[in-house]
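# Structure at a glance
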Amino acid sequence: MAVLSLHNVSLRFGGAALLDDVTLHVERDNRLCVLGVNGAGKSSLLKLFSGEYAPDNGTVARERGVRIGVLRQEAAGEDPAADALAVILRGIPHDDHEARVELLARRLLGELRVSWQGRAFATLSGGERQTVAIARAAHFGARVLILDEPTAALGVKQTEMVLRYIAVARDRGLGVVFITHNPHHAYPIGDRFLLLQRGRSLGNFTKAEISQSQLTEMMAGGEITL
Ligand SMILES: Nc1ncnc2c1ncn2[C@@H]1O[C@H](COP(=O)(O)OP(=O)(O)O)[C@@H](O)[C@H]1O
Ligand SMILES: [Mg+2]
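Residues numbered from 1 in each chain as written. Chains lettered and ligands numbered in written order. Predicted model: local features only at pLDDT ≥ 70, side-chain atom pairs only at ≥ 80, totals over all residues.

## Digging into helix α4 (residues 126–139)
- The end-to-end C-alpha separation of α4 is 20 Å, in line with the 20 Å expected for 14 residues at 1.5 Å each.
- Within α4, 13 of the 14 residues are buried, which leaves it mostly tucked inside the rest of the structure.
- One or two residues past the end of α4 sits G141, with phi positive at roughly 95°. (Helix = DSSP H or I, 4+ residues; strand = E, 2+ residues; numbered from the N terminus. Expected span 1.5 Å × (residues − 1). Buried ≥ 20, exposed ≤ 12 C-beta atoms within 10 Å, placed from the backbone.)

Pasting the structure below:
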């Protein structure tokens, strides 16, 4: 059964259609990759799930009581240390902040086998911060993780670390929505792929139905023969 679904959803601002007739399902134990170039409507899709936007047409359905962990695109922005720390701080009671945050972060990093002996949070790499943010969401009981371009600002090694952790999250029974413009990041870890182009779905494929090169061609705007 789907944990989250969009059924024939359209979203408009003024005269512009940000999303047009999009249908998708997020299941447990499954990694759905949402692919599209800048402006395709990927982050708008996330905001429908978070409740920030309401659809003009169609329905957004959530399994009762399900918790969603959202890692926003902005959290990978200019000051990732401050942003990721803010992500970690949310959900922790406000007494004795620093000690609790450090304890939690150390436990999460230990789980990820990232060594953090005596290092300040600010010295963690972008990839380490992203994995902490993902682990935090799982730690606080999220059943679904929605990650908006978590690898966009990262180098090769850090990207690998984040992708590996996304794989671990799925193996622990979480549903994952991995939003990216990069088919090379999406293909190795995705179970299913939804391609967005100017707010419209170009199709929803299982891994068996599409190859990495076909996915890359579609992303580049080419027609493909499946
Ligand atoms: N609140 C908004 N009002 C009007 N237009 C918006 C708003 N948010 C996003 N857009 C526009 O909608 C399109 C899709 O944006 P977005 O969902 O952020 O795409 P993506 O994440 O795929 O880059 C873009 O052209 C963007 O400029
Ligand atoms: Mg975006």
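## So, the site of ligand 1
- Near ligand 1 you find F13, L18, G36, N38, G39, A40, G41, K42, S43 and S44, and these make up its full shell.
- With three residues, the top contributor of residues to the shell around ligand 1 is helix α1 (residues 42–50).
- Grouping the amino acids of the shell around ligand 1 by side-chain chemistry returns three nonpolar, six polar and one charged. (Near = placed C-beta within 6 Å. Nonpolar A, V, L, I, M, F, W, Y, C, P; charged D, E, K, R; others polar.)

## A closer look at the pairing of strand β7 (residues 175–180)
- Across the six residues of β7, six count as buried, placing the element largely inside the fold.
- Because side chains alternate across β7, one face comprises the buried residues G175, V177 and I179, and the other comprises V176, F178 and T180, equally buried.
- In the sheet, strand β3 (residues 31–35) pairs with β7 via five bridges, with the strands oriented parallel. Residue pairing for β7: V34 is matched across the bridge by I179.
- Across five bridges, strand β6 (residues 144–148) lies against β7 in parallel orientation. Each residue of the ladder has a partner; that of I146, found in β7, is V177. (Pairing = 2+ DSSP bridges.)

## Observations regarding unusual backbone geometry
- Although it is not a glycine, D29 sits at a positive phi angle of roughly 60°.
- Inspection of the secondary structure assignment puts D29 in the loop between β2 (16–27) and β3.
- Look at R198: it is not a glycine, yet its phi comes out positive at around 45°.
- Checked against the element boundaries, R198 lands in the loop between β8 (192–197) and β9 (200–206).
- A residue is classified by how many C-beta atoms lie within 10 Å of it, and R198, with 15 of them, is partly exposed.

## Re the pairing of strand β1 (residues 2–13)
- With eight bridges joining them, β1 and β2 adopt antiparallel strand pairing. If you follow A2 over to β2, its bridge partner there is E27.
- Between β1 and β2, which pair antiparallel and follow one another directly, the connecting turn spans two residues, one of which, G14, has a positive phi of 60°.

## Points about the nonpolar core
- With 50 residues, the main nonpolar core has V34, L35, I134, V144, L145, L147 and V177 as its most contacted residues.
- The residues touching V34, leaving out its near neighbours within four places in the chain, are K42, L45, V177, I179, L194 and L196. (Core = buried A, V, L, I, M, F, W, Y, C linked by C-beta atoms within 7 Å. Contact = placed C-beta atoms within 7 Å.)

## A closer look at α1
- Those residues of α1 that fall on the buried side of the exposure criterion are K42, L45, L46 and L48. Projected down its long axis, α1 carries its buried residues within an arc of 155°, all on one side.
- A positive phi of about 90° marks G51, the residue just after α1. (Arc of directions from axis to C-beta.)

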